[in-house]
Amino acid sequence: LALPTSRQQATEPGRFNVTHQIKKLSFGRDFPGQQSPLDGAWTHSPGGAAVARYFLKVVPTTYEFLSGEALHSSQYSTTQHFKELGPDSALTPSVQFTFELTPLRVSKREERGGSLLV
């Protein structure tokens, strides 16, 4: 994320570039089969000033291994919104994350694969 280097640049939205990369985003320890939709996400802002919004739904998750050990973590889904800003926009260039924590818990269990005997 390129930040303005002077007070003048901070007041000129067109000079504030919100191009960014999310290398890794997680909520707790990783577990087998977990999907993290924003890992490696890259958003380019060709016009410079923009608003990038990420709406995340975080779901508590329990993963039970074959050994019976339980791992308590969370997984998430996301919706993204990106809007370039014009020179007369009243919005401030930004990258925003909004989190919604769900009251439900997902349980996953590791299982052995079955075999077919003929």
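Bear in mind the structure is a predicted one, so any value in this text is a computation, not a measurement.

Help me understand the overall build of the protein chain, please; the structure alone is not making it clear to me.
Along its length, the protein chain carries one helix and six strands. From first element to last, N terminus to C terminus, the protein chain shows the α and β order α-β-β-β-β-β-β. Considering the protein chain as a whole, with its 118 residues, one finds that 29% of them fall into the buried category. For the protein chain, the computed accessible surface area is about 8200 Å², with 52% contributed by carbon and sulfur atoms.

I'm lost on the nonpolar core in this one. Help?
Where a protein is soluble and globular, its nonpolar side chains tend to be buried together. With nine residues, the main nonpolar core is built from Ile22, Leu25, Leu38, Ala41, Ala52, Tyr54, Leu56, Val58 and Tyr76. By residue number, the principal contributor to this core is strand 3 (residues 50–64), which donates four residues.

Hey, could you run me through the side chain of His20 in this one?
Within the secondary structure layout, His20 lies in strand 1 (residues 20–22). Of the residues examined, His20 reaches a relative accessible area of 9% and is grouped as buried. At a separation of 2.7 Å, a polar atom in the side chain of His20 contacts the main-chain carbonyl oxygen of Val18.

Is there a simple way to think about the pattern of salt bridges in this case?
A pair can form between side chains of opposite charge whenever their charged atoms are brought close. Under the defined criterion, the tally for this structure stands at three salt bridges. As a salt-bridge pair, Glu64 and Arg109 come within 3.8 Å of each other at their nearest N and O atoms. Taken together, the positions of Glu64 in strand 3 and Arg109 in strand 6 (residues 106–109) put the pair 45 residues apart, joining distant regions of the chain. Connected through shared salt-bridge partners, Lys24, Asp30 and Asp39 make up one network.

Looking at this structure, how should I read the environment of Thr79?
Here Thr79 is to be found in strand 4 (residues 70–84). Spatially, the C-alpha atoms of Thr79 and Lys57 are 8.9 Å apart, while their sequence positions differ by 22 residues. Other than its neighbours up to four places away in sequence, Thr79 contacts Arg53, Tyr54 and Phe55.

Criteria and cut-off values
- Residues numbered from 1 in each chain as written.
- Predicted model: local features only at pLDDT ≥ 70, side-chain atom pairs only at ≥ 80, totals over all residues.
- Heavy atoms only, no water.
- Helix = DSSP H or I, 4+ residues; strand = E, 2+ residues; numbered from the N terminus.
- Buried < 20%, exposed > 50% of the residue type's maximum accessible area, 1.4 Å probe, protein only.
- Areas by Shrake-Rupley, 256 points an atom, 1.4 Å probe, with all protein chains shown as cover.
- Core = buried A, V, L, I, M, F, W, Y, C linked by side-chain atoms within 4.5 Å.
- Polar contact = N/O pair within 3.5 Å; in protein donor to acceptor, adjacent residues only side chain to side chain.
- Salt bridge = Lys/Arg side-chain N within 4 Å of Asp/Glu carboxyl O.
- Contact = heavy atoms within 4.5 Å.

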